[in-house]
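Residue strings, one per chain:
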Amino acid sequence: MRNPVIKVFELKEDVKLPVKAGISALSEYSMLADNNYPTYAIEKKGIASSGIRDMKQVGRGEDTGCRVFELGYIIDKIKKMFRIP
């Protein structure tokens, strides 16, 4: 297996994507606390149409609005396994 993460974007604003990733995804399905900012995932084929590459990224010492993982693929079977709407 290989790591599906191609690139990580740390953005100033929350883009509110539908697919959560990382700690944000774990906290949604468990009792773990989320970070101060949400983490999302987007596939490589959808990154161009989302405009994320053109958004302003966080500089050193600035607060992160959200983190977005650009992924080569997304496996979305957890909702089917647990019958989550």
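Residues numbered from 1 in each chain as written. Predicted model: local features only at pLDDT ≥ 70, side-chain atom pairs only at ≥ 80, totals over all residues. Heavy atoms only, no water.

> So what exactly am I meant to see when it comes to the overall build of the protein chain here?
Regarding its fold elements, the protein chain presents three helices and three strands. In the protein chain, the succession of helices and strands from N to C terminus is β-α-β-α-β-α. Looking at the protein chain residue by residue over its 85 residues, the buried ones come to 28%. Taking contacts inside the protein chain between residues at least 6 apart in sequence as the whole, the part at least 24 apart equals 77%. As displayed, the protein chain offers around 6400 Å² of accessible surface, 53% of which is attributable to carbon and sulfur atoms. (Helix = DSSP H or I, 4+ residues; strand = E, 2+ residues; numbered from the N terminus. Buried < 20%, exposed > 50% of the residue type's maximum accessible area, 1.4 Å probe, protein only. Contact = heavy atoms within 4.5 Å. Areas by Shrake-Rupley, 256 points an atom, 1.4 Å probe, with all protein chains shown as cover.)

> Would you take a moment to explain a nonpolar patch on the surface for this structure?
Taken together, the side chains of Ile 23, Leu 26 and Leu 32 define a hydrophobic patch exposed on the protein surface, amounting to about 260 Å² of accessible area. Following the sequence through the fold, Leu 32 ends up in the loop between α1 (22–29) and β2 (39–43). (Patch = residues over 30% accessible without salt bridge, like charges linked within 9 Å, V, L, I, M, F, W, Y side chains within 5 Å. Salt bridge = Lys/Arg side-chain N within 4 Å of Asp/Glu carboxyl O.)

> What's the story with the sheet that holds β2 in this structure? I'm lost.
Hydrogen bonds along the backbone pair up the strands of a sheet, which may run parallel or antiparallel. Here three strands make up an open sheet; going across it, the order is β1-β3-β2 and the pairing mixed. In the strand order of this sheet, the two ends are held by β1 (5–11) and β2, each with one partner. Ignoring which end each strand starts from, the neighbouring axes of this sheet average 25° apart. (Pairing = 2+ DSSP bridges. Axes fitted to C-alpha atoms, helices over the stretch in contact; angles between N-to-C directions.)

> What is the right way to look at the nonpolar core in this model?
Side chains of a nonpolar character, in soluble globular proteins, are inclined to be buried together. Counting residues in each nonpolar core, the largest one holds nine residues, listed as Phe 9, Leu 11, Leu 17, Tyr 40, Ile 42, Ile 47, Ile 52, Cys 66 and Val 68. Of all the secondary structure elements, the ones that give two or more residues to this core are β1, β2 and β3 (66–71). (Core = buried A, V, L, I, M, F, W, Y, C linked by side-chain atoms within 4.5 Å.)

> Would you explain the pattern of salt bridges in this entry?
As a working rule, side chains carrying opposite charge can pair if their charged atoms are close by. A complete count under the given rule lists five salt bridges for this structure. Salt-bridge contacts for Glu 62 lead to Lys 12; the nearest nitrogen and oxygen are separated by 3.3 Å. On the criterion of sequence distance, the pair formed by Glu 62 in the loop between α2 (44–50) and β3 and Lys 12 in the loop between β1 and α1 is long-range, its members being 50 residues apart. Residue Glu 62 is classed as partly exposed on the basis of its relative accessible area of 38%.

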